[in-house]
Each structure stands twice: as C-alpha cells, then as structure tokens.
Amino acid sequence: MSDQPDRPPLTPEALAQAIAPHRERIDQIDAQLLELLNQRANQARAIGTLKGEAAVYRPEREAQVLARIAALNAGPLHGNAVQRIFREVMSECLALERPLTVTYLGPRGTFTEQAAARHFGSAALLQPCATIDETLREVEARQADYAVVPIENSSEGAVNRTLDLLTSTELRACGEATLRIHHLLMSQAQELPEVIQVYAHPQALAQCRDFLSRCLPQAEQVAVSSNAEAARLAAQPQQTHTAAIGPGQAAALYGLNVLDQNVEDDPNNTTRFLVLGHQAAGPSGADRTTLIVAAPQADHAGAMHRLLEPFSRLGISMTKLESRPVRGGLWQYVFFIDIEGHADDPSVAQALLEMRQRANFLKVVGSYPRA
Ligand SMILES: C=C(O[C@@H]1C=C(C(=O)O)C=C[C@H]1O)C(=O)O
C-alpha cells in the first residue's frame, strides 16, 4: 500500500504534459553522459598508448575505481547497480586500448562463463575450452590473455584439478571473482517422474546431493565435464528422460524445460574463481595472496607450526589452508594457503622471506584485489 495521499488519476493528456519536462531533462543528461563517457574513453586510449607493449588490464586500478565509486555513490541507484554500470564502462574503455581474450571452462552457459563475463564485462572476448587444462594452455601459449578458473566452492571445497594445475603453471593469479551458484534441474521431460538419468559436473551433483536423494532417488547420476555439457547432452533428440543440473543460461541456451529451481542444498552456495595471466597485479590496498608451500618433514611434530609462525607474529590473517597429496610422493603433501595482503606489503614480504628459508618449496601464485 502506498502512503501517498489519494490523488485523482491524471488524464492521458495531463500525464504526458507532466512527464514531458522530465524527459527533456533526461535527454539533456544523456547527451552530457555520452560526452563524458567519450571523454573517459579518450583518456583510457591515451593511457593505452603510454602502456605500449605492457599489459593493458590493470586489476588493482579497476578495483580502486570500483571502490571509489562505491564510496561516492549517494543513490538512489543501488550500489550493485552502480558497480555493474562502471564495470561495463571500464570494459569498453579497456577494449579501446586493446580487446582482451579470456578463456573459460565451456561449453557456453557454464558458471565459469558467468564469472568471466561479470569480471571482465561485455567487451571481453570469451573463449570456451573443453577442460580447465586447456584454458591455461591457451594463455600459456599466448593464444588468449587470461583464464578464469574455479578454485573452490563453499559447499564442496577445493576444485582439485585447478589446485594441481596451479603448482605447475607459469601463470600468475591476478584477480578473484565470486559467484552465487543457483542450480536448475532442466530436461526435455515435462515432469520429474519421467526423469531416469541426471547429468551434471561432479561438483554440481555433490552440491545437490540432498535434493537428488529426496526428489530423484531412483535416477542414475552421471558425472560429465561441465554443467553446460550436461545440458547439451540432455538436449540431444534421444535423451527424452534425461535431466541436467546447471545454470539458467544453459537451460535457455539448449531449450530445456526447467523442472525445478534452486536445487542446491545450501542456499548460500558460492564458487570462488581466480583470474590467471602472465602479469602480476600491483597492490590495490585490499588484496589477497595465494601461496603453495611444502614443509620439510611435514609429518614431524611442529613442522607446520614452524612454517606458518611468521604469519601470526607479523599479524597476517590466513583465509585458507588446504592440503593436496604430492603426485608420486606417498603421504607427502603441498599446502595451498591464502593470506590477506599483497606480496609487496612490507609485513607480507617479510613473512614470505622467512617462510622461504623454512620451506622445502614455496611458490607465490599471485597477489590480487579481493573480490
Ligand atoms: C585506463 C586504464 O586501463 C584499463 C581501464 C581502466 C578504466 O577504464 O578505468 C582501468 C584499468 C585498466 O584495466 C588504466 O590503466 O588506468
């Protein structure tokens, strides 16, 4: 109910007359906005010329622009709306310097595609790859500028293939993105009871375990390479009793019926992605650093404590500690560690220096603005 006092409805003519001055003002403002946007684009183009051969994408600067805009915003536009608009403005300005090519785990319609599109904006050229390995290889071979890879999910934990690839790749992490993951159940079938088989990425099957055992206890679960691939397969002519779990984009892309929405067990289900490229990001003031470390004789009491001790002494927060077995080394592990701060921050640099002397192996995957 509106708390406005009741007003007699305007006649169509009176309404048109009342709106007219506002529309006139909007037309003037649009002309000013356009002029200002092109002025901004010219500045970006000038910066692009100065950069020469250096990387045009500067994640630390983009994070600072967005943080400044968030602080300046007086409304009524919502903070998220303003972020989306300025993300797009920067995407187009950057493309005038040089358009970026970004690889992601395809086919089209995956959550990684959504994360990449949101992070780089519409002007980036998104290139689907069949595997996470291939997304990295394309960038390593300089066939693409950046790769966006899933690293962990709030319900299911680490994406192990990504962690393994991070140990060996020469690429650096220079950005981070997070995405709320809402899964749909989609199919050519019209009703749930018709479904005898469910295709999805193993992570998605795991994220929807309760839903599947509650609503489709008899259906066979088939793990495939991505959720969009699951949707593509479920759309094949002979697959009339197959359903796929995945994003809404995939249902639309492959013309499938939506049998149920939000089938993830945890409504806060979120996936975190890293942006990998050839360059390191400079400090933005609100950064995170990802490291891979092997402790000497990690099975000895106190080895891990001694390795991590510089963090607590120097007041550095650890936001993640994950272990992975070393290939071919029975009961040997490497540790994936996220800390707050940039590798160039004095306290972080000091901690890394001390850890390097204590560790068997230490790799800084990269420092990047926190999502
Ligand atoms: C204009 C620049 O290049 C790119 C575009 C930016 C923008 O449009 O604000 C910011 C950072 C860079 O990714 C810059 O480096 O300042």
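Values in this document were obtained by computation on a predicted structure and should not be read as measured data. (Residues numbered from 1 in each chain as written. Predicted model: local features only at pLDDT ≥ 70, side-chain atom pairs only at ≥ 80, totals over all residues. Heavy atoms only, no water.)

**Topic: the domain arrangement of the protein**
Part 1 of the argument: By the assigned domains, the protein splits into domain 1 (30–95), domain 2 (99–181), domain 3 (184–260) and domain 4 (281–369).
Part 2 of the argument: Placing the centre of domain 1 and that of domain 4 at their C-alpha centroids yields a distance of 34 Å.
Part 3 of the argument: If you look at the interface, domain 1 gives four residues, while domain 4 gives five residues.
Part 4 of the argument: Carbon and sulfur atoms supply 68% of the area that domain 1 and domain 4 bury against each other, a total of about 340 Å² over both sides.
Part 5 of the argument: Contact with domain 4 buries area across many residues of domain 1, yet P59, E60 and Q64 alone supply 85% of it, more than any other trio.
Part 6 of the argument: Summed over the shared surface of domain 1 and domain 4, the number is zero salt bridges. (Domains from an automatic or database assignment. Contact = heavy atoms within 4.5 Å. Buried area = accessible area lost by both parts, 1.4 Å probe. Salt bridge = Lys/Arg side-chain N within 4 Å of Asp/Glu carboxyl O.)

**Description of the side chain of T242**
Part 1 of the argument: Position of T242 relative to the elements: it lies in strand β9 (residues 242–246).
Part 2 of the argument: Its relative accessible area of 2% is what places T242 among the buried residues.
Part 3 of the argument: Reaching out from T242, the side chain makes a polar contact with the side chain of Q239 at a distance of 2.7 Å. (Helix = DSSP H or I, 4+ residues; strand = E, 2+ residues; numbered from the N terminus. Buried < 20%, exposed > 50% of the residue type's maximum accessible area, 1.4 Å probe, protein only. Polar contact = N/O pair within 3.5 Å; in protein donor to acceptor, adjacent residues only side chain to side chain.)

**Focus on the packing of aromatic side chains**
The geometry of an aromatic ring pair is captured by two quantities: the separation of the ring centres and the angle between the planes.
Part 1 of the argument: As enumerated under the stated definition, the model contains three aromatic pairs in all.
Part 2 of the argument: An angle of 50° between the planes, with centres 5.0 Å apart, marks the rings of Y57 and F120 as tilted. With a gap of 63 residues between them, Y57 in the loop between α1 (12–51) and α2 (59–72) and F120 in helix α4 (residues 111–120) connect regions that are remote in the sequence.
Part 3 of the argument: Judged by relative accessible area, which is 2%, Y57 ranks as buried.
Part 4 of the argument: Between the aromatic rings of Y57 and Y146, the centroid separation amounts to 5.0 Å while the plane-to-plane angle is 75°, which identifies the pairing as edge-to-face. Separated by 89 residues along the polypeptide, Y57 in the loop between α1 and α2 and Y146 in strand β3 (residues 146–153) bring together distant segments of the chain. Judged on exposure class, the residue Y57 and its partner Y146 are both buried.
Part 5 of the argument: Among the aromatic side chains, those forming a connected cluster through ring pairs are Y57, F120 and Y146. (Phe/Tyr/Trp six-rings, centres within 6.5 Å; stacked < 30°, edge-to-face > 60°.)

**Observations regarding the site of the ligand**
Part 1 of the argument: Taken together, 13 residues are adjacent to the ligand, and R40, K51, R58, E62 and E97 come closest.
Part 2 of the argument: Between an oxygen atom of the ligand and a side-chain N or O atom of K51, the distance comes to 2.7 Å.
Part 3 of the argument: Here the ligand has 360 Å² of accessible area as a free molecule, and 93% of this is covered by the chains.
Part 4 of the argument: Going through the elements one at a time, α1, α2 and α3 (79–97) are the ones with two or more residues in the shell around the ligand.
Part 5 of the argument: Here the residues of the shell around the ligand are counted per class, giving seven nonpolar, no polar and six charged. (Near = heavy atom within 4 Å. Areas by Shrake-Rupley, 256 points an atom, 1.4 Å probe, with all protein chains shown as cover. Nonpolar A, V, L, I, M, F, W, Y, C, P; charged D, E, K, R; others polar.)

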